[in-house]
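# Structural description and commentary
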Amino acid sequence: MDKKKLATILGYLGLIPFFSLTLIFFISNFNNYVIDVYLFYGNIILAFICGSQWSKILNSNILDNRSLLLTLSVCIPVFSFILDFFSNQDIKIAIHIILFFVINLIDKKIFFEPNNLWYLSLRKRLTFLVILTLVINLFAINSYRFL
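Worth saying up front: this structure is predicted, and the values here are computed from it rather than measured. (Residues numbered from 1 in each chain as written. Predicted model: local features only at pLDDT ≥ 70, side-chain atom pairs only at ≥ 80, totals over all residues. Heavy atoms only, no water.)

### Focus on the overall build of the chain
Worth spelling out the cut-off: Counting from the N terminus, the helices are DSSP H or I runs at least four residues long and the strands are E runs at least two residues long. Here the globule rule reads 2.2 Å times residues to the power 0.38, and the radius of gyration is calculated from C-alpha atoms. Buried residues are those whose accessible area, probed at 1.4 Å on protein chains only, stays under 20% of the maximum for their type, while exposed residues exceed 50% and partly exposed ones sit between those limits. Contact criterion: two residues are considered in contact whenever any of their non-hydrogen atoms come within 4.5 Å of each other. This count recognises Lys and Arg as positive and Asp and Glu as negative, with His and chain-terminal groups excluded. We put the charge of a Lys on NZ, of an Arg on CZ, of an Asp on CG and of a Glu on CD.
Across its full length, the chain carries 6 helices and 0 strands. Taken from N to C terminus, the helices and strands of the chain fall in the order α-α-α-α-α-α. Computed over its C-alpha atoms, the radius of gyration of the chain comes to 16 Å, within 12% of the 15 Å expected for a compact globule of 147 residues. Considering only C-alpha atoms, the chain reaches an extent of 55 × 35 × 20 Å along its principal axes. Here the chain, with 147 residues, has 41% of them falling under the buried criterion. At a minimum sequence separation of 6, the contacts of the chain that also span at least 24 residues come to 71%. Charge separation in the chain, taken as the distance between the mean sites of 12 positive and 7 negative side-chain charges, equals 7 Å.

Structure (structure tokens):
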């Protein structure tokens, strides 16, 4: 199996917890623990993506703002982890939306070579779907409060 096909399969498999935990959140009558698990998984994925960015940034000699990009690739997962201890679920989900969007922008900056266009396209679709589940969960949490 070639690397593009494997990366695509693994990328979409990585979406399963986002969608299944969103579904479980509804089925469980809006159990807050499910959202905590969802956000924990989101932190793992953020750290994974930022780790791959860190490697790409370190191995590139032609990137502008390498120091800034390296700092962001380290600070994003650390910030997300710290956020878990000091904020409510609404803020965590909103920040996750922003962080997933930002790491997608960083991907565009560092995977700019023509041979990486397939990867950028894949990451764009995966990021959209993750953000979609985040928005659904944010809406569900706030709708449930009014019931």
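### Description of the side chain of Asn137
Note on placement: Asn137 falls in helix H6 (residues 117-145). Here Asn137 falls in the buried class, since its relative accessible area comes to 0%. When neighbours within four sequence positions are excluded, Asn137 is seen to be in contact with Thr22, Phe25, Ile35, Tyr38 and Ile93.

### Observations regarding the layout of surface pockets
What counts, and what does not: Only protein atoms enter the calculation, which uses a 1 Å grid: trapped sets of points that fit a 1.4 Å probe without letting it out are cavities, open sets showing protein on both sides within 12 Å along at least five of seven lines are pockets, and any residue with an atom within 4 Å of a point is a lining residue. Grid points are joined across faces, edges and corners, and a volume is the space filled by probe spheres set on the points. For this classification, Asp, Glu, Lys and Arg are treated as charged, while Ala, Val, Leu, Ile, Met, Phe, Trp, Tyr, Cys and Pro are nonpolar and the rest, including Gly, are polar.
If you add up the space inside the largest pocket, you get close to 580 Å³. In this structure, the largest pocket is lined by 22 residues; those nearest its centre are Ala7, Gly11, Phe48, Tyr119 and Arg123. Element by element, the count of residues in the lining of the largest pocket is highest for H6, at 7 residues. Per-class residue counts for the lining of the largest pocket are 15 nonpolar, 5 polar and 2 charged. Size it by volume and the second largest pocket reaches roughly 150 Å³. In this structure, the second largest pocket is lined by Asp36, Val37, Leu39, Phe40, Asn43, Phe81, Asp84, Phe85 and Lys92. Contributions of two or more residues to the lining of the second largest pocket are made by helix H3 (32-58) and helix H4 (66-86). When residues in the lining of the second largest pocket are grouped by element, the largest group, 5 residues, is from H3. Considered class by class, the residues forming the lining of the second largest pocket number 5 nonpolar, 1 polar and 3 charged.

### Some thoughts on the packing of aromatic side chains
To be explicit about the condition: Two rings from Phe, Tyr or Trp (for Trp, the six-membered ring) form a pair when their centres sit within 6.5 Å of each other. Planes less than 30 degrees apart are called stacked, planes more than 60 degrees apart edge-to-face, and all others tilted.
Evaluation of the coordinates by the stated rule reveals 9 aromatic pairs. Judged by centre distance (6.1 Å) and plane angle (85°), the ring pair of Phe18 and Phe100 falls under edge-to-face. Linking Phe18 in helix H2 (residues 16-27) with Phe100 in helix H5 (residues 89-110), this pair joins segments that are 82 residues apart in sequence. Judged on exposure class, the residue Phe18 and its partner Phe100 are both buried. Between the aromatic rings of Phe81 and Phe85, the centroid separation amounts to 5.2 Å while the plane-to-plane angle is 80°, which identifies the pairing as edge-to-face. Residue Phe81 and its partner Phe85 are located together in helix H4, separated by 4 residues, close to a single helical turn. On the basis of relative accessible area, Phe85 is assigned to the exposed category, the value being 57%. Ring pairing ties together the aromatic residues Phe18, Tyr38, Tyr41 and Phe100, which thus form one cluster.

### A closer look at a nonpolar patch on the surface
Quick note on the threshold: Patch building starts from residues that exceed 30% relative accessible area and form no salt bridge, then joins like charges within 9 Å and nonpolar side chains (Val, Leu, Ile, Met, Phe, Trp, Tyr) within 5 Å. Areas reported here follow the Shrake-Rupley algorithm with a probe of radius 1.4 Å; residue values treat only the protein chains shown as occluding. Any carboxyl oxygen of Asp or Glu within 4 Å of a side-chain nitrogen of Lys or Arg constitutes a salt bridge here.
A surface patch of nonpolar side chains, amounting to about 840 Å² of accessible area, comprises Trp54, Leu58, Val74, Val78, Phe81, Ile82, Phe85 and Phe86. Looking at the nonpolar patch, the elements with two or more residues in it are H3 and H4. Here the nonpolar patch takes 6 residues from H4, the largest share from any one element. Take Ile82: it is sitting in helix H4. Judged by its relative accessible area of 41%, Ile82 falls in the partly exposed class.

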